[in-house]
Amino acid sequence: MELATAAAVVSTASTHPGRNRFYSSRSASWSNCSPLSSSRSLSTSTSRFQIRPLPVAWAAVELREAASGGGDSVRVTETLQPGSSVKFSVEVPPSICQECYETTLMEYSKRFKVPGFRPGKIVPENVLINYVGPQHVRAATVEAILRHTLPQALSSVEERALEDSVRILTKFDDMNNSFSLEDVFRYDVAVDIIPEVRWLSEDKYKNLKVVIEIDEIVDAEKAAEVELKRRRKALGLLRIVTDRGLQVGDLAVFDISAETITTDGSKGEKIPSAESTGFHLDTEENNNLVPGFLGSLIGIRPGETRSFPIQFPESFDQESLRGVRAQFTVVCKELFFRQLPELDDSLAEKLLPGCTTMDQVRERILERCKEVEKTAIEQATDNAILDQLGQLVEVDVPRSLFQEQGQMLYGAKLLQLQAETKLDRDQLASLSSEKSVQEYLKNERENITRIIKQMLAVGEIFKAENLQYSTEQLIKEVENSIEEFKRYNQDYDEGNIKQQVQDVLEAAKVLEWLKENCTIEYIRR
Amino acid sequence: MDGIKYAVFTEKSLRLLGKNQYTFNVESGFTKTEIKHWVELFFGVKVVAVNSHRLPGKGRRIGPILGHTMHYRRMIITLQPGYSIPLLDREKN
């Protein structure tokens, strides 16, 4: 990329109003002072400014250079790097260095009052540099050069560059040391660009095939039955069992203690997590018990004590107990059996307020369960589609995007945590420290990458399919979320919200489209 | 060059440079002739005239102790046309 310096100078002056003051007509007027001023220069550089054109002539030279389009230019070499970033090796010619040096001095002369010189009077360069300190001038010049040349250097990726992702790779100290007004000034800068979404298959996201597994619990009819049973049970009466042992279907109160059995047969340590006194066991709902536990207890009578060994299965929930052999000692305290009420219309009102017949109750419960089922299935479908999408694309995730997304997720998690467990300020501070965030990013690397992939894929489809959402919808959603922010008295940025809402709407549209245009297969487990 | 402390760079001194006049701060006790002699010997120039004035001394006081900053005499040395002094980089401001 070649840019004419002089042209750039003029254009910078016109496009960056903030920098205009550097280029005022006075800019060179002070430099034609006494011959003394040319006797010195920056301590590290040997260049001297001996012949200085007068301001008018200076401007003319500048214009002429601009017109001819000649002169030196910022030389930029682009190198692609992994992680969707581009490395630029920038070489700044001495002429631009010189220019930046002068603007810096100009700034300094305005800012400092040098003793022996009245304000507004021209201070010779060497006097000024001596007063300010050569290191400071050098550092400021390097900074000015960076500020001046970075936009030019990055102009080739201006459209694609991600916000705030510019990293200057060369250390500032190195730049500072290597800076000289006569030499070419070099530095490396990297910028993350919007990653390219590559589809792994030829037909991209079309002909997407999604298989969704649906849990049994969400099956509406079964769920309705379970719900009905539960309600009926709650209405049932408990009677004390006196004349028989424990049967399946009874409710019992136990005192349980357990000890591990070591290999030589002697009793080991107690297992605190398996112990409880006054444990209510509903023998009908024994799904989370250790297998064999209930079987050993059948026939136990109130007041009786039983002791039996049990091997915890390898697939037990609690990791520390997997595969452990334990000796259980169970004391039966009380035994009840349930007297369930008859299922007829008179019970309907109690089962579900507002109903008069049993059929009505069944229908209502079924309806409710169906709703739950529907949302669950929808959720599962969305997740499955997104998962599939994430697998279909290959994206070189740029670092800055990863960081941003990770931090967002972490923030959301923190907020949730705070809402749940009322963290105090110190805890929050320790959780939001740089270290813990980095830790989180490291642990959740895959997860975050997957989310970014999905996001990008969705964006790509939205563009590719020319999907649209109505402005009304957008406005409405934005208003809704603003209201929400107001309700919780939180600060918000309207632009930000709008962006977020847009993303959400986009995603919803794309999902809708995908659902219509791909084969979805449901499997019941 | 014992007596001459440093060259002075102010608006006025820079203006005077154009008239081949050099400004120095000199320790108080030295006389014009001494300085003239020194300058001629040291820089190998011809001095036409020497003007001088004492700088207003500033008192300093730390608690009960009274003191003063260094008092200087400022010498403005006019050289014969054609001669010049290479000024050193030292600047004290």
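Residues numbered from 1 in each chain as written. Chains lettered and ligands numbered in written order. Predicted model: local features only at pLDDT ≥ 70, side-chain atom pairs only at ≥ 80, totals over all residues. Heavy atoms only, no water.

### A few points about the overall build of chain A
The line we're drawing: Numbering of helices and strands runs from the N terminus; a helix is a DSSP stretch of H or I covering at least four residues, while a strand is a stretch of E covering at least two. Residue exposure (1.4 Å probe, protein chains only): buried if accessible area is under 20% of the type maximum, exposed if over 50%, otherwise partly exposed. Computed with the Shrake-Rupley method and a 1.4 Å probe, the accessible areas treat only the protein chains shown as cover for residues.
Each helix and strand in chain A was counted, giving 15 helices and 14 strands. A burial count over chain A gives 38% of its 525 residues as buried. Carbon and sulfur atoms provide 49% of the accessible area of chain A, an area that totals close to 31,400 Å².

### Side note on the overall build of chain B
Heads up, the rule is: Contact definition: two residues touch when any of their heavy atoms are within 4.5 Å.
The helix and strand inventory of chain B stands at 2 helices and 6 strands. For chain B, the succession of helices and strands along the chain, N to C, is β-α-β-α-β-β-β-β. Here chain B holds 93 residues, and the buried ones make up 39% of them. Nonlocal contacts in chain B, meaning residues at least 24 apart in sequence, comprise 66% of its contacts between residues at least 6 apart. Only carbon and sulfur atoms are counted for the fraction: they give 55% of the accessible area of chain B, which is about 5,900 Å².

### Comments concerning the sheet that holds strand E2 (residues 85-92) of chain A
Residues and elements named next belong to chain A. Worth spelling out the cut-off: What makes two strands pair is DSSP finding at least two bridges between them.
The sheet built from 4 strands is open, its strands ordered E1-E2-E4-E3 with antiparallel pairing. Two strands in the sheet have a free side with no partner beyond their single neighbour: strand E1 (75-81) and strand E3 (167-168). Where E1 and E2 come together, 7 bridges link them in antiparallel fashion. Paired with Leu80 across the strands is Val86, a residue of E2.

### Describing the nonpolar core
Threshold: As used in this record, nonpolar core signifies buried Ala, Val, Leu, Ile, Met, Phe, Trp, Tyr and Cys residues forming a set joined through side-chain atoms within 4.5 Å.
Of all hydrophobic cores here, the largest spans 55 residues; its most connected members are Phe88, Val90, Phe185 and Tyr187 of chain A together with Ile77 of chain B. Core analysis: the next-biggest nonpolar cluster, separate from the first, contains 36 residues, Leu414, Ala457, Ile497 and Trp513 of chain A among them.

### Observations concerning unusual backbone geometry
Peptide bonds are mostly trans, and most non-glycine residues show a negative phi. Residue and element names in this part refer to chain B. Even without a glycine there, the phi angle at Asn20 is positive, about 60°. In this fold, Asn20 is placed in the loop between helix H1 (11-17) and strand E2 (21-27). With a relative accessible area of 15%, Asn20 lands in the buried category.

### Thoughts on helix H2 (residues 32-43) of chain B
For clarity, the threshold we go by: A helix is expected to span 1.5 Å multiplied by its residue count minus one.
Taking 1.5 Å of rise per residue, the 12 residues of H2 of chain B would be expected to cover 16 Å, and the 16 Å separating its terminal C-alpha atoms lies within 8% of that figure. Two residues or fewer after H2 of chain B comes Gly44 of chain B, characterised by a positive phi angle close to 65°.

### Re the pattern of salt bridges
We count it as follows: We count a salt bridge whenever a side-chain nitrogen from Lys or Arg sits within 4 Å of a carboxyl oxygen from Asp or Glu.
Overall, the coordinates contain 3 salt bridges over all chains when judged by the stated rule. With a shortest N-O distance of 3.3 Å, Glu91 of chain A and Arg186 of chain A are connected by a salt bridge. Note that Glu91 of chain A is positioned in strand E2 and Arg186 of chain A in strand E4 (residues 185-192), a separation of 95 residues in sequence. A salt bridge links Arg118 of chain A to Glu11 of chain B; the nearest nitrogen and oxygen atoms lie 2.9 Å apart. Placement of Arg118 of chain A in the loop between helix H3 (94-111) and helix H4 (125-132) and of Glu11 of chain B in helix H1 is noted, with the two residues assigned to different chains.

### Re the confidence of the model for chain B
Residues and elements named next belong to chain B. What counts is decided by this rule: Known as pLDDT, the predictor's per-residue confidence is scaled from 0 to 100.
Here chain B averages 85 in pLDDT, and 91% of its residues register 70 or above. Taken as a whole, residues 89-93 scores under 50 in pLDDT and shows 12 contacts with residues more than four places along the chain or in a different chain. With a pTM of 0.53, the predicted complex shows an ipTM of 0.77.

### Some points on a negative patch on the surface
Condition: In this scheme, patches are assembled from residues that exceed 30% relative accessible area and form no salt bridge. Like charges are connected within 9 Å, while nonpolar side chains (Val, Leu, Ile, Met, Phe, Trp, Tyr) are connected within 5 Å. The charged-residue count follows a simple rule in which Lys and Arg add positive charge and Asp and Glu add negative charge, with His and chain termini not counted at all. For charged residues, the charge sits on one atom: NZ in Lys, CZ in Arg, CG in Asp, CD in Glu.
A surface patch of like charges, here negative, comprises Asp359, Glu363, Glu367 and Glu371 of chain A. You can see Glu371 of chain A is positioned in helix H9 (residues 358-392).

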